[in-house]
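# Examination of the molecular architecture
Next come the chains, spelled out residue by residue.
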Amino acid sequence: MKIVPVQDFDLRREVDYGTPEQNARAKQIVSDVKTEGDTALLRYTRELDRTELTADMLRVTKSELDAAYGQVEESFIAAISSAAENIRSFHMREKRNSWMDLQPDGSILGQIIRPLKRVGVYVPGGKAAYPSSVLMNVIPAQVAGVPEIVMVTPPATGGMDGINPYILVAAAEAGVHEIYRVGGAQAIAALAYGTETIAPVDKICGPGNIYVALAKREVYGAVDIDSIAGPSEIVVLADASADPEYVAADLLSQAEHDEMASAILVTPSHDLAERVSAEVERQLELLPRRDIASASIQNYGAIIVTESLKEGISVVNRLAPEHLELMVADPMAHVGLIENAGAIFLGAYSSEPVGDYFAGPNHIIPTNGTARFSSPVDVDDFIKKSSMIYYSKEALLKNGAAIMELARGEGLEAHARAIEVRLKREGKAGEENGN
Ligand SMILES: NC(=O)c1ccc[n+]([C@@H]2O[C@H](COP(=O)([O-])OP(=O)(O)OC[C@H]3O[C@@H](n4cnc5c(N)ncnc54)[C@H](O)[C@@H]3O)[C@@H](O)[C@H]2O)c1
Ligand SMILES: N[C@H](CO)Cc1c[nH]c[nH+]1
Ligand SMILES: [Zn+2]
């Protein structure tokens, strides 16, 4: 793994959303599905997922869901239900309630919170299948009270007729019944614009590869999206107290996701840098997915050596990583200095996969520097808010003049008159206007 002094590392601030070719490809797929519906959806599924489907095969049937249980171990079902319990209890803490505030003049101001009606969740399934992403998408939506949750996942990853049984069991355990075997940019377009088979949704959530991320960006506006949660990232900020074997293992845990995943160590310790570099090479050899992991380490991996831990923290804040591990002697003393990171893992035992699968916080987290301005998926992603204003007569009489003043200041006479007509009726317009 390459070791670079901090001054030689490119810490640009711009967010890099794929190559021009990848952008053009995602745009084309989205546009074709928007205009051609199922025809384009099936064509791209054939071409990209090497799966020949007809429209009536797109939706996963109840008997396929039931049969998936026969293909997974009891221990997997037990593990997924424990994880679901932790994820649910974490997300219950995020739930908001509508509120109303009664003012002394009899007015009532408030906010009405409602769940979105129909949301689409993307579960990745290209290079690996992600049953854990089923839970991370679906549980917050359920906690928010979303009545229609529709799931899409590509058919490429082996198992039952091309749908991975672990994903199906996770979906069944989570209580999702509307599932389509489509993935990539074509699935995102189908959810956004609808096809003959798939009804459009209000919002699309979920992680995916660069094509999924770019397609979500493309359809944003027609529907809402959670964030750009693209290829995984990890930054480990470590001092000389860190264990190189742990650091290397955690870097590789994210590198194995994707050739475009990134794994970076930031450290002021030259000795740790050398030892982690050697350890990464050693552990890489033992990984079943070493082709993917070594491409990721080669292209997007680095060990950045800083002058001090303080400088390391400023590098982390520039990178704004999806996941940050603080492997320093006193992590709690440093956590308050981290301004930009999607999820922060503190200390030697908070290995990143603890968060990927089990602890409870969401693993769908902004990537590519976007943690600077966006957040992990949570219950707020699945609600909308309406402001509520009940103004009493007393309040309007008291504040009418000020409202008219502001309206006339903007040159909007009709706005002012909408107030004035009421004040006049109450015999207050002249007084309030000072006429
Ligand atoms: N940030 C997060 O929160 C988070 C969480 C989990 C996973 N991830 C990331 O999700 C990604 C999963 O990727 P994946 O590929 O395994 O599954 P995926 O489901 O995201 O993508 C597979 C689909 O990509 C499309 N595709 C593949 N090559 C293409 C090409 N050349 N042109 C157009 N479309 C193409 C195909 O339609 C295929 O179905 C990884 O990058 C992983 O790091 C991120
Ligand atoms: N690390 C991924 C988020 O970037 C989430 C995940 C799912 N399964 C394993 N890992
Ligand atoms: Zn992971």
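The name recorded for the protein in an unreviewed UniProt entry is Histidinol dehydrogenase, from Paenibacillus chibensis. What the UniProt record of the protein gives under Function (unreviewed entry) is the line "Catalyzes the sequential NAD-dependent oxidations of L-histidinol to L-histidinaldehyde and then to L-histidine." Under the heading Catalytic activity (unreviewed entry), UniProt records this for the protein: "L-histidinol + 2 NAD(+) + H2O = L-histidine + 2 NADH + 3 H(+)".

Turning next to the UniProt feature "binding site: NAD(+)" (unreviewed entry) in the protein. Within the UniProt annotation, "binding site: NAD(+)" (unreviewed entry) is assigned to Y122, Q186 and N209. The greatest C-alpha distance among the annotated residues, which extend across 88 residues, is 12.7 Å, indicating that they converge on a single site. Examined against the element boundaries, Q186 turns out to sit in helix 7 (residues 184–193). When near neighbours in sequence (up to four residues on either side) are disregarded, Q186 contacts I29, V33, L41, Y44, T45, L48 and D49. Positionally, N209 belongs in the loop between strand 7 (203–205) and helix 8 (210–219). Ignoring anything within four residues of it in the chain, the contact list for N209 reads P231 and D258.

It is worth spelling out the sheet that holds strand 11 (residues 302–305) at this point. Across the sheet, which stays open at both edges, the 6 strands sit in the order 1-11-10-9-12-13 with parallel pairing between neighbours. Each end of this open sheet is capped by a strand with a single partner; those strands are strand 1 (3–5) and strand 13 (343–346). Strand-to-strand twist across the sheet, computed as the mean angle between neighbouring axes with direction ignored, equals 20°. One ladder, built from 3 bridges, connects strand 1 with strand 11; its direction is parallel. Within strand 11, the residue paired with V4 across the bridge is I304. The sheet strands contacting helix 10 (residues 270–284) are strand 1, strand 9 (233–238), strand 10 (262–267) and strand 11, and the helix crosses strand 11 at an angle near 170°. Packing against the sheet, helix 11 (residues 290–300) makes contact with strand 10 and strand 11, and its axis sits at approximately 55° to strand 10.

Those donors, H257 (NE2) and D356 (OD), are the protein atoms that reach the zinc ion (ligand 3), and they lie 2.1 Å from it. The site at the zinc ion (ligand 3) holds 4 donor atoms, and with the angles between them running 84 to 178°, its shape is irregular. Pair noted here: H257 is in the loop between helix 9 (244–255) and strand 10 and D356 is in helix 14 (residues 352–357), with a separation of 99 residues, a long-range link. As far as the burial class goes, H257 and D356 line up, both buried.

Looking now at the site of ligand 1. The full set close to ligand 1 counts 31 residues, and D49, Y122, K127, S232 and D258 are the nearest of them. Between G230 and ligand 1, the recorded distance is 3.1 Å, taken from a backbone N or O atom to a nitrogen atom. For ligand 1, a nitrogen atom lies 2.9 Å from a polar atom in the side chain of E322. Put simply, the parts of the chain that give the shell around ligand 1 at least two residues each are helix 1 (20–36), helix 2 (38–49), helix 7 and helix 8. Broken down by class, the residue content of the shell around ligand 1 amounts to 14 nonpolar, 12 polar and 5 charged.

Our next topic: the nonpolar core. If you look at the biggest cluster of nonpolar residues, it comprises 44 residues, and the most contacted ones within it are V134, L135, M151, I179 and F382. Looking at this core, the elements that each hand over two or more residues are helix 3 (62–68), helix 4 (74–92), strand 4 (118–122), helix 5 (131–144), strand 5 (148–152) and helix 6 (165–174). Tallying contributions element by element places helix 5 first for this core, with 8 residues. If near-sequence neighbours (up to four positions away) are discounted, L135 is found in contact with I80, A83, A84, I87, P140, A170 and A174. Counting residues in each nonpolar core, the second largest holds 28 residues, with I29, L42, Y44 and V152 among its members.

Criteria and thresholds
- Residues numbered from 1 in each chain as written.
- Chains lettered and ligands numbered in written order.
- Predicted model: local features only at pLDDT ≥ 70, side-chain atom pairs only at ≥ 80, totals over all residues.
- Heavy atoms only, no water.
- UniProt positions renumbered as here; feature names shortened; annotations may be inferred.
- Helix = DSSP H or I, 4+ residues; strand = E, 2+ residues; numbered from the N terminus.
- Contact = heavy atoms within 4.5 Å.
- Pairing = 2+ DSSP bridges.
- Axes fitted to C-alpha atoms, helices over the stretch in contact; angles between N-to-C directions.
- Donors = N, O, S within 2.8 Å, 3.2 Å for Na, K, Ca; no water.
- Tetrahedral: all angles 85-135°; square planar, octahedral: opposite > 155°, others 65-115°.
- Buried < 20%, exposed > 50% of the residue type's maximum accessible area, 1.4 Å probe, protein only.
- Near = heavy atom within 4 Å.
- Polar contact = N/O pair within 3.5 Å; in protein donor to acceptor, adjacent residues only side chain to side chain.
- Nonpolar A, V, L, I, M, F, W, Y, C, P; charged D, E, K, R; others polar.
- Core = buried A, V, L, I, M, F, W, Y, C linked by side-chain atoms within 4.5 Å.

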